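# What the coordinates show
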Amino acid sequence: MTVDTQQQGDERVHWLPMIAAISSISVVGIAIGLGMPLLSVILETRGHSASMIGLNTAIAGLASIAGAPLATPLAMRFGVAWTMLMMIAAGALAFVGFHFAPDFWMWFPLRVVLHIALTVLFILSEFWISTSAPPHRRGLVLGIYATVLSLGFAAGPWLFAHLGSTGFLPFGVTIALVTLAAIPVLAARNESPTIVADSETSHFLRYIWLVPTATFAVLVFGAVETGGFALFPVYGSRIGYSEADAALLLTMIGLGNVLLQIPIGMISDRVSDRRHLLLACATVGLAGTIFMPHFAGDWHLMAALLFVWGGVVAALYTIGLAHLGSQLSGHELASANAAFVLCYGVGMVLGPQAIGIGMDVFGPSGFGWSLALFFAAYIALVGVRLIRKVL
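Definitions and cut-offs
Residues numbered from 1 in each chain as written. Predicted model: local features only at pLDDT ≥ 70, side-chain atom pairs only at ≥ 80, totals over all residues. Heavy atoms only, no water. Helix = DSSP H or I, 4+ residues; strand = E, 2+ residues; numbered from the N terminus. Contact = heavy atoms within 4.5 Å. Phe/Tyr/Trp six-rings, centres within 6.5 Å; stacked < 30°, edge-to-face > 60°. Buried < 20%, exposed > 50% of the residue type's maximum accessible area, 1.4 Å probe, protein only. Axes fitted to C-alpha atoms, helices over the stretch in contact; angles between N-to-C directions. Parallel < 35°, antiparallel > 145°, perpendicular 65-115°, else oblique. Left-handed = near helix turned anticlockwise from the far one by under 90°. Nonpolar A, V, L, I, M, F, W, Y, C, P; charged D, E, K, R; others polar.

### Topic: the side chain of T72
On the secondary structure map, T72 appears in helix α3 (residues 71-78). In contact with T72, other than residues within four places in its own chain, are H331, A334 and S335.

### Topic: the packing of aromatic side chains
Per the counting criterion, the structure on display carries 17 aromatic pairs. With a centroid separation of 5.7 Å and an interplanar angle of 70°, the aromatic rings of F221 and Y317 are classed as edge-to-face. Placement of the pair is F221 in helix α9 (residues 212-238) and Y317 in helix α12 (residues 299-327), with a sequence separation of 96 residues. Relative accessible area serves as the criterion here: at 8%, F221 is assigned to the buried category. Y317 gets classed as buried once you look at its relative accessible area, which sits at 6%. By way of ring pairs, the aromatic residues Y145, F221, Y317, F340 and Y344 are connected into one cluster.

### A few points about the packing of helix α1 (residues 15-45) against helix α7 (residues 169-187)
Axis separation between α1 and α7 bottoms out at 8 Å; the angle between their running directions is 165°. Relative to α7, α1 is oriented roughly antiparallel. Along this stretch, α1 crosses α7, giving a crossing that reads as left-handed. Of the residues in α7, those in contact with L16, I19, A20, S23, S24, V27, I30, L34, L38, L39 and I42 of α1 are P170, F171, T174, L177, V178, A181, P184, V185 and A187. Classifying every residue of the contact of α1 with α7 gives 17 nonpolar, three polar and no charged.

### Here we look at the side chain of S23
Inspection of the secondary structure puts S23 in helix α1. Those residues within four positions of S23 in sequence are excluded, and the remaining contacts are A181, P184 and V185.

This is the structure in structure tokens:
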């Protein structure tokens, strides 16, 4: 497989395609951060039960899994930039459709279209960034990408808090932001990579096992991020924190996520084998879960721990993506990005279940033990791969 880009072999960072790809991924963050609470509140005000709201929301995960294998074939047929523009348009239309859809059943196909579009955007944005960034700057560029994505996720709830859930305003603002994000993608369309497949074709799932130190890094991150964020307020309440204090501790995790990605990404550019850094991040993650119960008595110590822990654990995503980009190119990288995003989705499913069961069986300590299990398993995987000197 080959990739035909103007950046191939160029050591400069081409900022126009970077801005294009990063702006589109910011749309993903904002749309998810704003859309999830907005749509749930609207359904609740319409009188739908929590189980029905949960069912409709769960369709998003299934749509993401279904959308992952579509990204590479669509990009091969229409081009990366034009596929991204089509997904931005499709996602925008689906999102505004929720406002005008009178019947609940209509929300299911709309949710499918929206999250397939967001998933394809996710995959192709990461592919474009990885192919455009020179190898010695890939960690820095992906650190910027992860920071912008985190800010997008944070901006969504902030916008929701200020815009509310009534009327067309929250939908209109989202459409305006999506339109603005499409402009740099359109401007950089001539600099987008062209994916060319050779006669050998392989299903994208094989890439999960081709570079497992990258794909399982994002699975662990997805599990820890989703499960940890969902159940930390419960854990905090059970160990004696007020709701407000637990929420502030969650904010510290998010702050570490935002502030530490660029410096850690820059460090990864100076490491010859990023797997050593992935191993270090997982080790910090494991150590953090071990120290959590001992730091819980002092809120400020706990906040400092979670700031560092949140930022370092989030780097599993950033460095895993950089490692993936350093090992593959062209059609293989596009397919591997699809597998990468799929593994993130799998982690999102496994994390809350494992942590919830752990807390039910072992009480509050089950929170840390469940998280530790994910980190320990990943440390074992990377250790074996390094010893065997395979990817």
